[in-house]
Amino acid sequence: MKKITILILFIASTIVSQTNTEVFLFDIKKTETGYELTNKKNISTNEGYDSQPHFYDNYALLFASSRNGQTDIVKYTIDTGIKEFINYSPEGGEYSPQRIPGTDDISAVRLDNTGLQRFYRYDINTGNSKQIIRNLEVAYPLWASNKLLFSAVIGEKSLELVKSDLKNKTNVLLEKNIGRSLHCIPGTNSISFISKKKPLWEIFSIDITTSTINKITNLDDNYEDIAWISKDVVLQAKKNQLLQFNIKTDSVWKELINKDSLQIQNISRITISPDKTKIAIVGE
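Cut-offs and rules
- Residues numbered from 1 in each chain as written.
- Predicted model: local features only at pLDDT ≥ 70, side-chain atom pairs only at ≥ 80, totals over all residues.
- Heavy atoms only, no water.
- Helix = DSSP H or I, 4+ residues; strand = E, 2+ residues; numbered from the N terminus.
- Rg over C-alpha atoms; globule rule 2.2 N^0.38 Å.
- Buried < 20%, exposed > 50% of the residue type's maximum accessible area, 1.4 Å probe, protein only.
- 1 Å grid on protein atoms, 1.4 Å probe; cavity = no way out; pocket = protein on both sides within 12 Å on 5 of 7 lines; lining within 4 Å.
- Points joined across faces, edges and corners; volume = space filled by probe spheres on them.
- Nonpolar A, V, L, I, M, F, W, Y, C, P; charged D, E, K, R; others polar.
- Core = buried A, V, L, I, M, F, W, Y, C linked by side-chain atoms within 4.5 Å.
- Contact = heavy atoms within 4.5 Å.
- Salt bridge = Lys/Arg side-chain N within 4 Å of Asp/Glu carboxyl O.
- Pairing = 2+ DSSP bridges.
- Axes fitted to C-alpha atoms, helices over the stretch in contact; angles between N-to-C directions.
- Polar contact = N/O pair within 3.5 Å; in protein donor to acceptor, adjacent residues only side chain to side chain.
- Phe/Tyr/Trp six-rings, centres within 6.5 Å; stacked < 30°, edge-to-face > 60°.
- Lys NZ or Arg CZ within 6 Å of the ring centre and 35° of its normal.

## Quick look at the overall build of the protein
On a plain count of helices and strands, the protein comes out with two helices and 24 strands. For a compact globule of 284 residues, the expected C-alpha radius of gyration is about 19 Å, and the protein comes in at 18 Å, within 12% of that figure. Across its three principal axes, the protein shows a C-alpha extent of roughly 50 × 45 × 35 Å. Counting every position in the protein, which comprises 284 residues, the buried fraction comes to 55%.

Below you can see the structure in the form of structure tokens.
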């Protein structure tokens with residue numbers, strides 16, 4: 001019973017609190033005064049939970065989407081607007097899709113109807129799956145390479161940051177009490193994670209080779225979904241706003257774009273395309 005409770009806390013509670021989320025896609029462009037978001041489009045248009053977007057490449061987007069009472073993975077082609085489910089696992093639902101670097105396949109977290117939660121690889125063409133890491137309850141993964149994975153895993157009392165070397169089959173615990181938002185920092189050898197150890201949550205970086213950890217900045221209030229638009233500029237989702245922070249020049253977070261022009265409530269996940277020309281935003 002304890003294990004089921006923890007699973008609900010970190011995975012299912014997201015769906016309960018956001019029962020009718022949608023995935024919105026924008027063009028994003030750098031301007032003299034900041035950034036401009038245009039061509040807003042609801043690409044999920046689906047009753048129920050649609051969330052956890054991840055750019056497969058510059059031309060397609062993956063996200064978790066409700067279907068027939070469970071959550072499966074959709075691949076959305078940007079130019080055509082075609083959506084196709086790449087898997088169907090009647091024994092459970094899939095979350096946190098990502099492309100595995102150097103391959104066409106994707107990974108996803110599967111929460112089975114029994115409460116078992118494991119991390120799988122899915123063939124992009126057939127949807128066939130195989131388990132990647134055994135006996136580790138990955139909740140939110142981040143690939144540094146096709147052999148190196150950082151992930152927020154389910155610990156006894158909180159999410160914990162674990163570094164997994166798939167070649168040598170080792171899992172090293174790096175930090176406890178972290179958030180779900182893990183991202184590669186563009187143009188660096190580091191990733192970022194959210195520390196929840198202090199009353200005001202903080203963004204930290206970790207070198208993927210040396211595992212050296214450094215603080216970057218505090219968040220603007222305790223909202224944990226972020227994304228990097230460059231190696232210096234990080235975005236934060238906060239209610240119906242998108243905020244930005246330049247780690248070299250700013251001392252406070254600033255509004256990225258007028259919230260009235262976004263017209264999205266309860267913004268959570270945000271992700272930016274590899275070429276930095278598009279941004280996907282989850283909200284209501």
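## A few points about the layout of surface pockets
Roughly 820 Å³ of internal volume is contained in the largest pocket. As for the largest pocket, its lining consists of 34 residues, and the residues nearest its centre are H54, L142, L182, H183 and T271. Counting only elements with at least two residues in the lining of the largest pocket, the list comes to strand 3 (50-57), strand 7 (92-99), strand 11 (138-145), strand 15 (183-184), strand 19 (226-228) and strand 23 (270-272). Each residue belonging to the lining of the largest pocket can be placed in one class, and the counts come to 21 nonpolar, eight polar and five charged.

## A few points about the nonpolar core
Ranked by size, the top nonpolar core spans 20 residues in total, and within it L37, L242, I279 and I281 carry the most contacts. Elements supplying a minimum of two residues to this core: strand 1 (22-30), strand 2 (35-42), strand 20 (233-238), strand 23 and strand 24 (278-283). Contacts of L242, omitting those with residues within four sequence positions, involve L37, Q236, A237, K254, E255, L256, I257, L262, I267, I270, I279 and I281.

## Looking at the pattern of salt bridges
Under the criterion given, the structure shown has 17 salt bridges. In this structure, E36 engages K29 in a salt bridge whose closest nitrogen and oxygen atoms are separated by 3.7 Å. Each of the salt bridges in this network shares a partner with another, and the network as a whole consists of D57, R99 and D104.

## Observations regarding the sheet that holds strand 9 (residues 117-122)
Pairing is antiparallel across the open sheet formed by four strands, whose spatial order is 7-8-9-10. In this open sheet, the two edge strands, each paired with only one partner strand, are strand 7 and strand 10 (129-133). Across the sheet, the mean angle separating the axes of adjacent strands is 35° when strand polarity is ignored. As paired elements, strand 8 (residues 106-112) and strand 9 share six bridges and run antiparallel to each other. Each bridged residue has a counterpart across the sheet, and for L111 the counterpart in strand 9 is Q117.

## Points about the side chain of N87
Looking at where N87 falls in the secondary structure, it is placed in the loop between strand 6 (83-85) and strand 7. Of the residues examined, N87 reaches a relative accessible area of 5% and is grouped as buried. Within the structure, the side chain of N87 is placed 2.8 Å from the side chain of E94, a separation counted as a polar contact. Not counting the four nearest positions on each side in its chain, N87 is found in contact with R67, D72, I73, E94, Y122 and G127.

## Side note on the pairing of strand 24
Of all six residues in strand 24, six are buried, a share of seventy percent or more. What you see with strand 24 is no split at all: K278, A280 and V282 on one side and I279, I281 and G283 on the other are buried throughout. Relative to strand 24, strand 23 runs antiparallel, the two sharing three bridges. Counterpart to T271 in the pairing with strand 24 is A280. A loop of five residues connects strand 23 with strand 24, the two strands running antiparallel in sequence, and K276 in this loop sits at a positive phi of about 65°.

## Topic: the packing of aromatic side chains
What the rule picks out here adds up to five aromatic pairs. Both rings, one in Y120 and one in Y122, keep their centres 6.3 Å apart while their planes meet at 50°; by these two values the pair is tilted. As far as burial versus exposure is concerned, Y120 and Y122 are alike and both buried. Above the face of the F24 ring, K40 is positioned so that its terminal group lies 5.1 Å from the ring centre. We note R67 situated over the ring of F85; from NZ or CZ to the ring centre the distance is 3.8 Å.

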